[in-house]
Amino acid sequence: MSSSNNAQVGSFPVKRGLAEMLKGGVIMDVVTPGQAKIAEDAGACAVMALERVPADIRRDGGVARMSDPDMIEGIKAAVTIPVMAKARIGHFVEAQILQALGVDFIDESEVLTPADEAHHIDKYKFTTPFVCGATNLGEALRRISEGAALIRSKGEAGTGNIVEAVRHLRSILGDIKKIGSADSAELFEWAKRLQAPLSLVQEIAETGKLPVPLFCAGGLATPADAALAMQLGAECVFVGSGIFKSDNPGPRAKAIVEATTHYMDAKILAKVSAGLGAPMTGIGMDEINQRYADRGW
Amino acid sequence: MNPRVLVGVLALQGAFDAHVQRLTDLGLESRLVKNTSDLVDLDGIILPGGESTTMSNLLVASDLGVELSKRLHDGLPVFGTCAGMIMMARTIHDGRPDQISLDVMDIQVRRNGYGRQNDSFEQDITITSLDSPFHALFIRAPVIESIGNDVEVLASIDERPVLVRQAYALASSFHPELVTDLRVHEIFLSIIHESLTTSKR
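Below, the structure is looked at part by part.

Reading the values: the criteria
Residues numbered from 1 in each chain as written. Chains lettered and ligands numbered in written order. Predicted model: local features only at pLDDT ≥ 70, side-chain atom pairs only at ≥ 80, totals over all residues. Heavy atoms only, no water. Axes fitted to C-alpha atoms, helices over the stretch in contact; angles between N-to-C directions. Helix = DSSP H or I, 4+ residues; strand = E, 2+ residues; numbered from the N terminus. Parallel < 35°, antiparallel > 145°, perpendicular 65-115°, else oblique. Left-handed = near helix turned anticlockwise from the far one by under 90°. Contact = heavy atoms within 4.5 Å. Nonpolar A, V, L, I, M, F, W, Y, C, P; charged D, E, K, R; others polar. 1 Å grid on protein atoms, 1.4 Å probe; cavity = no way out; pocket = protein on both sides within 12 Å on 5 of 7 lines; lining within 4 Å. Points joined across faces, edges and corners; volume = space filled by probe spheres on them.

**Let's talk about the packing of helix α10 (residues 223-232) of chain A against helix α12 (residues 249-261) of chain A**
Two quantities define a packed helix pair, namely the angle between the helix axes and the distance between the axes. Residues and elements named next belong to chain A. Packing of α10 against α12 brings their axes to within 8 Å, and their N-to-C directions diverge by 25 degrees. By the angle between their axes, α10 is roughly parallel relative to α12. Here α10 and α12 pass one another in a crossing that is right-handed. Packed against α10, whose contacting residues are Pro223, Ala226, Ala227 and Met230, the element α12 presents Arg252, Ala255, Ile256, Ala259 and Thr260 at the interface. Residue composition of the contact of α10 with α12, by class: 7 nonpolar, 1 polar and 1 charged.

**Some points on empty space enclosed by the protein**
Counting across every chain of the model gives 3 cavities of 30 Å³ or more. Approximately 190 Å³ is the volume found for the largest cavity. As for the largest cavity, its lining consists of 23 residues, of which Asp29(A), Ala157(A), Ala217(A), Gly218(A) and Gly240(A) are closest to the centre. When residues of the lining of the largest cavity are traced back to their parent elements, those giving at least two are β5 (105-109), β9 (237-239) and α11 (241-244) of chain A. Split into classes, the residues belonging to the lining of the largest cavity amount to 9 nonpolar, 8 polar and 6 charged. As a volume, the second largest cavity reaches approximately 110 Å³. What lines the second largest cavity is a set of 14 residues, and nearest its centre among them are Gly50(B), Glu51(B), Cys82(B), Asn112(B) and Arg140(B). The set of elements that each furnish at least two residues to the lining of the second largest cavity consists of α1 (12-22) of chain A together with α4 (83-88) of chain B. Looking at the lining of the second largest cavity, the element that brings in the most residues is α1(A), giving 3 residues. The class makeup of the residues in the lining of the second largest cavity is 8 nonpolar, 3 polar and 3 charged.

If you want it as structure tokens, here you go:
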């Protein structure tokens, strides 16, 4: 007979398993239990609990930190889907607190003000899985080597502008393709150039994909943006300011969920894109003075 | 190779790719199911893990929910893992009030009954028809709280069923698609063959 004696929690396959379950879905930023309900009603596969959406962090300036535990507890109580929360880059104590709160995923996020300019969190020390941002393949593999169970392209959060997310996705997936056609000697050079462990580069050469799922984040605002990310090769999308900074969050959220499922079907995309009201205004890259994507090493 | 068998995988949200990979490993043809037209000519269908509330929403957003339910009640073999099992259950506890149940298996399940992600686990389980343990991953897994008389238990942990069968329906609270061991998918394949043999008579 089986017994629970040999059960193992917090292993890498168990962490990566939750990332697999989120695929094909939409993870939405929410700042109140009410918003979390709207997100769940619309079909979000998870919510990201935070105090301010990136667009407001950008506007307010100052230091952005982990959210108040009361606020995270409130959101956990409001919904039945997984709840994620953000810790500052390198701030392993914020991560310890989030784990103690029982969140389902920790985002070591460049949207918050970094706590350490050289080190990311040793994510193997935690039971809770981590997601980390990346702008290129080297950064993605360094985060995976530290124990990240999920990678998201960083994009540029809080802008409503998808151009950076597209750049980062194309860079990561483009290099994966190139490694797929490299010979074994060239893999050493790839590892050096990417500043990434050789074993992970060799694994990519063999499998043709990242060792963990690749999601897209940063600047998505419309159903078409979500479908673009999916057609480019993302496996799930994060939508931050794009939903609750728009005129009509509920219908927009639902439309983005449908667009992510039916990303290859332009007729459905046309249908769900209609009559949503104004999206968030958004800003151009030349108008911003702080690029969050530059944070992280 | 089993060239004549075509298995659909519901692809609204969740870990459908991993199931496709396992079916490919078995030498089977598979098809992603997103719309009603994708249901044509299927010999069986897999309902994957993911978020059952998300999938439920997307099922009712089109005719797919109604058509799928019709096919399942006509006896199309079905295998649900985790969220997929929740959707098959007659009674869902801790779900959303508007969550749909396809009601193809006489079981009562509790969503996230094994807890949140920090309680997710992996362990070896004993499956009745297999001669060695199967390594099973449980991710925010649902608990099967009770089963009807026509439901057969194929594996349990601490007396709680984790793999069950009723007629041509198979359901697990764990994720056989996340390991390379194909034996649970083979059980589903044998159910499909059974149904094909019966319907030809």
